[in-house]
Amino acid sequence: MTRINIEQLKTFLTVVRLGGIRRAANGLNLTQPAVTARIKTLEESLTCSLFDRTSAGMKLTKRGELLVAHAEKFEHLAELVEKDVVDPAGIEGRLRLGVSETIAQCWLPDLVARLHGLYPKLEIEFNVDISINLRAGLMSREIDLAILLGPVSEYSVNNIELPGFDLAWYVAAKADEEQDPAQYLSRPVLTYARNTRPFRELKEMLFERVGPDVSMFPSSSLSACFRLVEADLGVAVLPRALGQDFVSTGRIREFDPGWLPGPLQFTASYLAEPKSHLIETAAQAARDVAYTYQGDKNN
C-alpha cells in the first residue's frame, strides 16, 4: 500500500463536508482535476472505492464512511502538532479573511500587522464585502475567517463577539441650521447597502418615525456616503468612529433628531471544523485589536 499523507485525508474530508469535488476545489483553492487526482490516489493507496459516483452526486461507500472517523483523528492530531510543537514563525500557508467595510476602514491594517508579527511567513488574503456575501463565502469555505455583522446562526460556526460601533447622524457642515433637527430627515438619507441588516433596520425606523415617503439611498461604500454628506447631498447615520475625522476637520457635523439606531454588532466567525489553531488565533487577534482600537478612540 502506498503511504497516505495528511493532504489526501484533508481533501477527502473537504469533499465529504462540502458535498462534491467542485465545492471542495473552491474551499481548498485547488483545481477540480487536482482534487480528483488526490481522491483517486487515496483510493488507489487504500485499494478501495471511497465514493459511489452517480448522476445525483457523490455518496460515501461503507469503507468511505469508516475512513471519515479515522481521517478526523489524523486531522485533529495534525492540529495539535501545529498548536503545541510548530514554531509560529515557521508556519507557512494562507489565511483568507473576509471583512465588512466598516472594519476595513477602522482596524483591518492593525489586524494584518498583528498576524504578520505572529506568522511572518503566512500569506494573508482579504476581501471587503457586505456581510451576507461574507457569510456565504464562509459557509462555502472560500473564506477562513469572516469579520461581519453577526453572529452567524449556524451550529457549525464559532462566533467571537467584537465591540460594537456606535452610530451618529451627520449633515454637511455648510447645511443651513434647522430649528428642529428632525427636519434634516426630509432630505435623502444615505445608508448601508440594500442587502444588509443596518439598511433594513434603518428603513423600518424611518418609516415608523418619518413616514413611507422618506428617500433612502443605499450604498456599498461608506466613504462615498461621507463624501456625499459633505457635499450637502443628503444626511446619513454612520459609525461615529469613521465620522470623527470629518467632524474634526469641519466638513460635516452631527445632529440629533431624537432617535438613533443601535450600535453595529460584529463578530469574528469561523467554521468549527476542521479545527484550526491558526484561524482560532486570528479570531482572537481580531478581538484584541478591536478592543485596543476602541480604547484608543475613547481616550
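Residues numbered from 1 in each chain as written. Predicted model: local features only at pLDDT ≥ 70, side-chain atom pairs only at ≥ 80, totals over all residues. Heavy atoms only, no water.

1. Notes on the packing of aromatic side chains
Within this structure, the stated rule accounts for seven aromatic pairs. On the basis of an interplanar angle of 55° and a centroid distance of 4.8 Å, the ring pair of Tyr184 and Phe255 is categorised as tilted. Taken together, the residues span a long stretch of sequence, with Tyr184 in the loop between β7 (167-172) and β8 (189-191) and Phe255 in strand β11 (residues 252-255) at a distance of 71 residues. Taking relative accessible area as the criterion, Phe255 reaches 9% and is therefore assigned buried. Three or more aromatic residues joined by ring pairs make a cluster, and in this case those are Trp169, Tyr184, Phe255 and Trp259. A cation over a ring is seen here: Arg209 above Trp259, with NZ or CZ 5.0 Å from the ring centre. (Phe/Tyr/Trp six-rings, centres within 6.5 Å; stacked < 30°, edge-to-face > 60°. Helix = DSSP H or I, 4+ residues; strand = E, 2+ residues; numbered from the N terminus. Buried < 20%, exposed > 50% of the residue type's maximum accessible area, 1.4 Å probe, protein only. Lys NZ or Arg CZ within 6 Å of the ring centre and 35° of its normal.)

2. Here we look at the sheet that holds strand β10 (residues 235-239)
The strands that make up a sheet are held in pairs by hydrogen bonds between backbone atoms, and each pair lies either parallel or antiparallel. Pairing within the open sheet is mixed, and its five strands lie in the order β9-β8-β10-β7-β11. A single partner strand is all that each edge strand has here, and the edge strands are β9 (216-218) and β11. Direction aside, the axes of adjacent strands within the sheet are offset by 35° on average. With two bridges joining them, β8 and β10 adopt parallel strand pairing. Paired with Leu190 across the two strands is Ala236, which belongs to β10. Docked against the sheet, helix α9 (residues 222-230) engages β7, β8, β10 and β11, running at close to 140° with respect to β10. Sitting on the sheet, helix α10 (residues 240-248) is in contact with β7, β10 and β11, with an inclination near 30° to β7. (Pairing = 2+ DSSP bridges. Axes fitted to C-alpha atoms, helices over the stretch in contact; angles between N-to-C directions. Contact = heavy atoms within 4.5 Å.)

3. Brief notes about the domain arrangement of the protein
Each domain of the protein was delimited in the assignment, giving domain 1 (6-85), domain 2 (88-165 + 265-298) and domain 3 (167-262). One C-alpha centre belongs to domain 1, the other to domain 3, and the line joining them spans 50 Å. (Domains from an automatic or database assignment.)

4. Notes on the pairing of strand β3 (residues 93-99)
Of all seven residues making up β3, five are buried, and the element is well covered by its neighbours. Relative to strand β4 (residues 122-128), β3 runs parallel, the two being bridged by seven bridges. Considered in β4, the bridge of Gly98 is made with Asn127. Two elements, β3 and strand β5 (residues 145-149), share three bridges in a ladder whose sense is parallel. Along β5, the bridge assignment pairs Leu97 with Leu145.

5. Examining the UniProt feature "domain: HTH lysR-type" (unreviewed entry) in the protein
Under the local residue numbering, the UniProt record ascribes the feature "domain: HTH lysR-type" (unreviewed entry) to residues 4-61. Within the segment residues 4-61, helix and strand shares are 62% and 14% respectively, and the terminal C-alpha atoms sit 19 Å apart. (UniProt positions renumbered as here; feature names shortened; annotations may be inferred.)

6. Topic: the packing of helix α1 (residues 6-18) against helix α2 (residues 21-28)
Where α1 meets α2, the closest approach of the two axes is 8 Å, and the angle between their N-to-C directions is 120°. By the criterion of interaxial angle, the relationship of α1 to α2 is oblique. The two elements α1 and α2 cross, and the hand of that crossing is right-handed. Contact residues: α1 offers Lys10, Thr11, Thr14, Val15 and Leu18, while α2 offers Ile21, Arg23, Ala24, Gly27 and Leu28. For the contact of α1 with α2, the per-class residue count stands at five nonpolar, three polar and two charged. (Parallel < 35°, antiparallel > 145°, perpendicular 65-115°, else oblique. Left-handed = near helix turned anticlockwise from the far one by under 90°. Nonpolar A, V, L, I, M, F, W, Y, C, P; charged D, E, K, R; others polar.)

7. Topic: α9
Those residues of α9 that fall on the buried side of the exposure criterion are Leu222, Ala224, Cys225, Phe226 and Val229. Packing partners of the buried residues in α9 comprise α5 (101-106), β7, β8, β10, α10 and β11. Asp232 sits one or two positions beyond α9 and adopts a positive phi of about 65°.

8. Topic: the sheet that holds strand β12 (residues 266-271)
Read from one edge of the open sheet, five strands run β4-β3-β5-β12-β6, paired in mixed fashion. Two strands in the sheet have a free side with no partner beyond their single neighbour: β4 and β6 (157-161). The mean inter-strand angle of the sheet, taken between neighbouring strand axes irrespective of direction, is 20°. Pairing analysis gives five bridges linking β6 to β12, with the strands arranged antiparallel. By the bridge assignment, Val157 is partnered in β12 with Leu271.

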